[in-house]
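Residue-level structure breakdown
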Amino acid sequence: MHLPIVFTVLIVLYRLYCALPRRRNAVQHSNTKSLAVFLGSGGHTSEALTLLSALDFERYCPRTYVISEGDSLSAQRARDLESSKASSTKYTILTIPRARRVHQSLATTPPTALHSLLSCIYHVTLARKPFADILILNGPGTCFVLCIAVCVNRFLGLSAPKTIYIESFARVESLSLSGKLLYPFVDRFVVQWRQLLKKAKGAEFRGLLV
Amino acid sequence: MLCFVTVGTFSFDLLVRAVLSEPVLDALQARGYTRLVIQYGDSEFDTSVVTRTGLDIELWARKPSLDQDFRRADLVIGHAGAGTILDPLIVVPNESLLHNHQLELATALAASNHLRTSTIADLAHSVTVFDPAALATFEPFDGSRFRALVDEEMGFQL
């Protein structure tokens, strides 16, 4: 009988805690921002690293490259980009389990995806605080669970990165599956072909980015 | 002259088999190609057919970096993955992928004269009539748009 009252009081107290000013975080006028980018293998990795190469690494540090389990090629390409930039600032490579393998049937995906989600929540919420100031996503499926982990953080009132999704250059007429999934959840949704603006309201088009 | 064939991270049996078929090998040699490098990923094909007089055929499942192959190739034959389209390219869309969006991209870029498309069945003919000089060139990579986007989101002065 008292349960609803206790519950309500707890929620009010929790939201009050969330609403307290955070002086620790007030020092936000730093000249650097931490950045995380998901490297989804193959063409996704190529595009993400090409985009990243355009950024000022002295400004965006430390950098975290999030790769799927077993994707050593993406890890190597991230290291190659880092050595070509010759920045003195730090980076790390973080490995998470895949949400769905290529050609895996849709029916067996949920348990695989859940495992991946729990791992992402662990990394985004617990393992490092804060995870990053900005998170760049461009597919495929596994980046969705990363985005959901960010949303969980937001829901709990914890620090969470801003999210930017860049739809692949390869998407001309239709959004990718990851694009459709991430569309409601990301802060910025960017497409590279004008035709796609019709498919995603609120999306941004700035010409080709890669 | 070098022809580089790439299937990307996955498999594309039909493309690899087509490239190694008599008509396509004949067409390549007739156009003066002396080297054929095939990055075949997980594709399955009969490896006994890969020797041919006058054409040096090299097979790779994966390569640490394809950059050099793309740079050196006089002709690239590949799936329409975004990493490959800056080159003298014949795109053969892979019909077996989950959603065949590659075809949309290849069609858009073929329409703007940046590349050629071909079906598996037409590949020999496509090789024969391919003329890289007739293709439009791509703008060089310009990172400023993306840089502006991220800097703006993070509150840096542009």
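Because the structure is a prediction, the values reported are computed rather than measured.

**Here we look at the overall build of chain A**
Along chain A, the regular secondary structure elements total six helices and seven strands. Along chain A, helices and strands appear, N-terminal first, in the series α-β-α-β-α-β-α-β-α-β-α-β-β. The C-alpha radius of gyration computed for chain A amounts to 18 Å, which stays within 12% of the reference 17 Å derived for 210 residues, consistent with globular compactness. Each principal axis of the C-alpha distribution contributes one length, and for chain A these read about 60 × 45 × 35 Å. Looking at chain A as a whole, 48% of its 210 residues are labelled buried. Counting every atom, chain A has about 10,800 Å² of accessible surface; 63% of that belongs to carbon and sulfur. Of the charged side chains in chain A, 26 are positive and 12 negative, and the gap between their average positions amounts to 8 Å.

**Remarks on the sheet that holds strand E4 (residues 75–78) of chain B**
Strand order across the open sheet formed by six strands is E3-E2-E1-E4-E5-E6 (chain B), with parallel pairing between neighbours. The sheet is open, and its two borders are formed by strand E3 (56–60) and strand E6 (116–117) of chain B, each paired with just one other strand.

**Let's talk about the packing of helix H2 (residues 42–53) of chain A against helix H3 (residues 72–85) of chain A**
All names here are of chain A. Between H2 and H3, the least distance of the axes is 10 Å, while the angle of their chain directions is 20°. The orientation of H2 relative to H3 falls into the category roughly parallel. Viewed along their axes, H2 and H3 form a crossing whose handedness is right-handed. Contacts between H2 and H3 involve Gly-42, Thr-45, Ser-46, Leu-49, Leu-52 and Ser-53 on the former and, on the latter, Ser-74, Arg-77, Ala-78, Leu-81 and Lys-85. Partitioned by chemical class, the residues of the contact of H2 with H3 number four nonpolar, five polar and two charged.

**Overview of the interface of chain B and chain A**
Opposite the 30 residues of chain B that make contact, chain A presents 38 residues. A buried area of about 3,100 Å², summed over both sides, lies between chain B and chain A, and 68% of it is on carbon and sulfur atoms. In this assembly, chain B and chain A are joined by five salt bridges. At the boundary of chain B and chain A, one finds 11 residue pairs in polar contact (both at pLDDT 80 or more). Sorting elements by how many residues they give to the side of chain B that touches chain A places helix H6 (residues 144–153) of chain B first, with nine residues. In terms of residue class, the side of chain B that touches chain A is made up of 16 nonpolar, six polar and eight charged.

**Examining the nonpolar core**
Counting 31 residues, the largest nonpolar core has Phe-131, Leu-137, Leu-146, Leu-182 and Phe-189 of chain A as the members making the most contacts within it. No other element matches the eight residues that helix H5 (residues 142–155) of chain A contributes to this core. If sequence neighbours within four positions are ignored, Phe-189 of chain A has contacts with Tyr-165, Leu-175, Gly-179, Tyr-183, Ala-200, Gly-202, Ala-203 and Glu-204 of chain A. If you look at the next biggest cluster of nonpolar residues, it comprises 29 residues, including Leu-20, Ile-77, Val-127 and Leu-135 of chain B.

**Brief notes about the side chain of Arg-63 of chain A**
All names here are of chain A. Relative to the assigned elements, Arg-63 resides in strand E2 (residues 60–68). Of the polar contacts made by the side chain of Arg-63, one reaches the backbone oxygen of Phe-57; its length is 3.0 Å. Among the polar contacts listed, one links the side chain of Arg-63 to the side chain of Thr-89, at a separation of 3.0 Å.

What counts, and where the lines are drawn
Residues numbered from 1 in each chain as written. Chains lettered and ligands numbered in written order. Predicted model: local features only at pLDDT ≥ 70, side-chain atom pairs only at ≥ 80, totals over all residues. Heavy atoms only, no water. Helix = DSSP H or I, 4+ residues; strand = E, 2+ residues; numbered from the N terminus. Rg over C-alpha atoms; globule rule 2.2 N^0.38 Å. Buried < 20%, exposed > 50% of the residue type's maximum accessible area, 1.4 Å probe, protein only. Areas by Shrake-Rupley, 256 points an atom, 1.4 Å probe, with all protein chains shown as cover. Lys, Arg positive; Asp, Glu negative; His and termini not counted. Charge placed at Lys NZ, Arg CZ, Asp CG, Glu CD. Pairing = 2+ DSSP bridges. Axes fitted to C-alpha atoms, helices over the stretch in contact; angles between N-to-C directions. Parallel < 35°, antiparallel > 145°, perpendicular 65-115°, else oblique. Left-handed = near helix turned anticlockwise from the far one by under 90°. Contact = heavy atoms within 4.5 Å. Nonpolar A, V, L, I, M, F, W, Y, C, P; charged D, E, K, R; others polar. Buried area = accessible area lost by both parts, 1.4 Å probe. Salt bridge = Lys/Arg side-chain N within 4 Å of Asp/Glu carboxyl O. Polar contact = N/O pair within 3.5 Å; in protein donor to acceptor, adjacent residues only side chain to side chain. Core = buried A, V, L, I, M, F, W, Y, C linked by side-chain atoms within 4.5 Å.

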